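One letter stands for each residue in the lines below.
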Amino acid sequence: MRDIGRINNPNQDNKIIDACSIFGAMDTTGKRFSGEGVIRAIANMHDRGNGLGGGFAVYGLYPDYANQYAFHVMFLSQQGRQETEAFLKDNFDLIEQQEVPTRLAPPIKHPPLVRRYFLDINKNKPGKQSGDDYVLEKVMTINTKLSDSFVFSSGKNMGVFKGVGYPEEIADYFCLEQYQGYLWTAHGRFPTNSPGWWGGAHPFCILDWTVIHNGEISSYGINRRYLEQFGYQCTMQTDTEVVAYAVDLLMRQHHLPLEVVAKILAPPFWNTIGRLPKEEQKLMLALRQVYGSLLLNGPFAVIIAHHGEMIGLTDRIRLRPLTVGEKGDMLYLSSEESAIRLIAPELDKAWIPMGGQPVVGRLKVGAKNRVTAGGGEIRC
Amino acid sequence: MASRKNSVVKMDAGGVYYRELNANLRKAVTNSTRRIELRNVYGQRYIGTDLNKPVEIEIFGTPGNDLGAFMNGPRIIVWGNAQDGCGNTMNEGEIVIHGHAGDIIGLSARGGKIFVRDDVGYRAGIHMKEYRDRKPALVIGGTAQDFVGEYMAGGVLILLGLNLKEGESHKANFIGTGMHGGVIYLRGSVEEYQLGKEVGVAQLEDADRQVLKQLVGEFAAHFGYDAGEILKHKFIKLFPRWLRPYGRLYAY
């Protein structure tokens, strides 16, 4: 393995203070805001990462194409691009396509070509399959069968931007301060046991589900094999990918409420279950029997998002930090409170959730219309 | 960046990297400084580390992880919340937090005192230790999350639960798991299953009341409480049942 000591530890410290950083901000009224604050917040936790991965998810991003699936695709070769574009033309109505605007950012080395495609599926959709299932299947096909192409964002009116670099450098490269969204998540990476490559940066995304993660999913192998039975193929070479597919399976396909999903990913201990009232005990036992293979073992703090919801969750004994800030209609989740305070110094409430207890921000009633209103072009 | 008046130094920490900030602090305490005011603190780590003088550092903002790590003498007052690892391996001095604190507060502390007005996160007081007259104290005004006093090897941990409602008990599980030294005084009650299996429960004796009276008195003075009122309530004492619970684990 390449010696990353010089990037990782420029001051030659005998203790490396890295750990991933996660941050999320949501306006529960659906009002869109620029990424400027979120970028400052994640940059404030610079020392938690080591420059080998940074990324952002933005919801309410493409109101002008709110009904099309927006694919962000990275190409590692021209041949990959040709194959994938031919595949997209065969399987979708291509409404619009463009290169994702970037600006010259010296710290960003060897970026892949990143393009976005706004796609309709009306004509192509076979009978019974839902639109989402159709898209899921096509994303898996591109990521596993076509050369050098990775769809790393595939939802409607949202998008993921990510790559190798510190998060603030990735934001600069992709001009993220110019975009608007009502929900942002951001990640600074310190890869532990998987490569620091462009696809391996967080967030991980399928349809409009995204996940950012601090920690290590040691149950990755079991989770991955279980998800493969449902057509999810892991191609990003790192553990967090399974969380994105798990929430898509549990919440979109199996229609489970979030509170139940939290009990699948971070179930109570057996002796805690033993002390629960009978009915609840039955439910917890059933979840362990049916979904035992989706238990996430190992330390984690994650921020999961999809349209209308932002969810913070840690493992059952909170081996990674997560702190919450509330101010008016804004909800903030962060590895460190200082990052929240930097952009929202006067919080109504700041608190630290228990391990395994989800923290949820939901769009308020009537907020949905705002999310699809207004637009604007990005130029760098 | 720093201005100085009557042995009081004022520093604006806004945008200052933690290495530079801590270097500035080291420089500032070598003079006859008695008090340092730090404004606009947003997450700088290790504030107060490596300082050996009895200087007072007031922090306005949110200090970063490992506040007061390896500190040896100063008193730190935080007007806000502290993050994770506060008082890491601190040797002497005092940290007073007018708010809550994150995980592993007081980890491996070997001396000094930490007072927190509100709640603390996971694993408060993990592996605090003591040697002769070196006895760290951690006093928590609110309640704690799981694993409070984990692997505790010495010192005094007091959990007051002042923000619990009448009749509400502490929620923490795995209290004192692996505990093999020191003592926890808990105001209010816990169920048997909330305790680590190394932990015993006892009523307070006179010597315990002396310790409580002293530390709760200091706590009340810091945060404007009536110590007498706090001490009226029932306390229990949690202690390690064995000093070397795993001494024979690999000995056969």
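Everything below is about the structure printed above this text.
Student: Even after reading the chapter, I still don't get the pairing of strand S3 (residues 35–42) of chain B, so can you show me in this structure?
Tutor: Regular strands have side chains that alternate between both faces of the sheet. All names here are of chain B. Pairing of strand S2 (residues 8–12) with S3 involves five bridges; the strand directions are parallel. What sits directly across from Val8, in S3, is Arg35. The sheet contact formed by S3 and strand S4 (residues 56–62) spans six bridges and is parallel. The residue bridging Leu38 from the neighbouring strand is Ile59, located in S4.

Student: What exactly am I supposed to notice about the sheet that holds strand S14 (residues 309–314) of chain A here?
Tutor: As a general point, the strands of a sheet are linked pairwise by backbone hydrogen bonds and lie either parallel or antiparallel. Residue and element names in this part refer to chain A. Read from one edge of the open sheet, five strands run S11-S12-S13-S14-S18, paired in antiparallel fashion. The open sheet has two edge strands, strand S11 (204–206) and strand S18 (359–362), and neither has a second partner. The mean inter-strand angle of the sheet, taken between neighbouring strand axes irrespective of direction, is 15 degrees. Bridge count between strand S13 (residues 300–306) and S14: six bridges; the pairing is antiparallel. When the bridges of S14 are listed, Ala305 appears paired with Met310.

Student: Explain helix H10 (residues 278–291) of chain A here, please?
Tutor: In an α-helix there are 3.6 residues to a turn, and that puts residues three or four apart on one side. Residues and elements named next belong to chain A. Taking 1.5 Å of rise per residue, 14 residues should cover 20 Å, and H10 covers 20 Å from first to last C-alpha, within 8% of that figure. For H10, every residue scored as buried is listed here: Met284, Leu287 and Tyr291. Down the axis of H10, the smallest arc covering the buried residues is 70 degrees, so these residues share one side. Exposed residues on H10 whose side chains face more than 90 degrees from its buried face are Lys278, Glu279, Lys282, Ala286, Gln289 and Val290. Where H10 is buried, its residues contact helix H8 (258–265) and helix H9 (270–274).

Student: What is the right way to look at the sheet that holds strand S16 (residues 330–334) of chain A in this model?
Tutor: Residues and elements named next belong to chain A. Spatially, S8-S3-S10-S1-S16-S15-S17 is the arrangement adopted by the seven strands of the open sheet, whose pairing is antiparallel. Looking at the sheet topology across the chains shown, the edges are occupied by strand S8 (158–163) and strand S17 (349–351). On average, each strand axis in the sheet is tilted by 10 degrees relative to the strand beside it, whichever way the strands run. Across five bridges, the pairing between strand S1 (residues 21–27) and S16 is antiparallel. Pairing of Gly24 across the sheet is with Leu333, part of S16. Contacting S1, strand S10 (183–188) and S16, helix H2 (residues 36–43) crosses the sheet at an angle of about 155 degrees to S1.

Student: Could you clarify how one ought to interpret the interface of chain B and chain A in this entry?
Tutor: By a frequent convention, interface size equals the accessible area lost on bringing the separate parts together. The partner chain A presents 15 residues to the 14 residues of chain B that form the contact. Classifying every residue of the side of chain B that touches chain A gives two nonpolar, nine polar and three charged.

Procedures and definitions
Residues numbered from 1 in each chain as written. Chains lettered and ligands numbered in written order. Predicted model: local features only at pLDDT ≥ 70, side-chain atom pairs only at ≥ 80, totals over all residues. Pairing = 2+ DSSP bridges. Helix = DSSP H or I, 4+ residues; strand = E, 2+ residues; numbered from the N terminus. Axes fitted to C-alpha atoms, helices over the stretch in contact; angles between N-to-C directions. Expected span 1.5 Å × (residues − 1). Buried ≥ 20, exposed ≤ 12 C-beta atoms within 10 Å, placed from the backbone. Arc of directions from axis to C-beta. Contact = placed C-beta atoms within 7 Å. Nonpolar A, V, L, I, M, F, W, Y, C, P; charged D, E, K, R; others polar.

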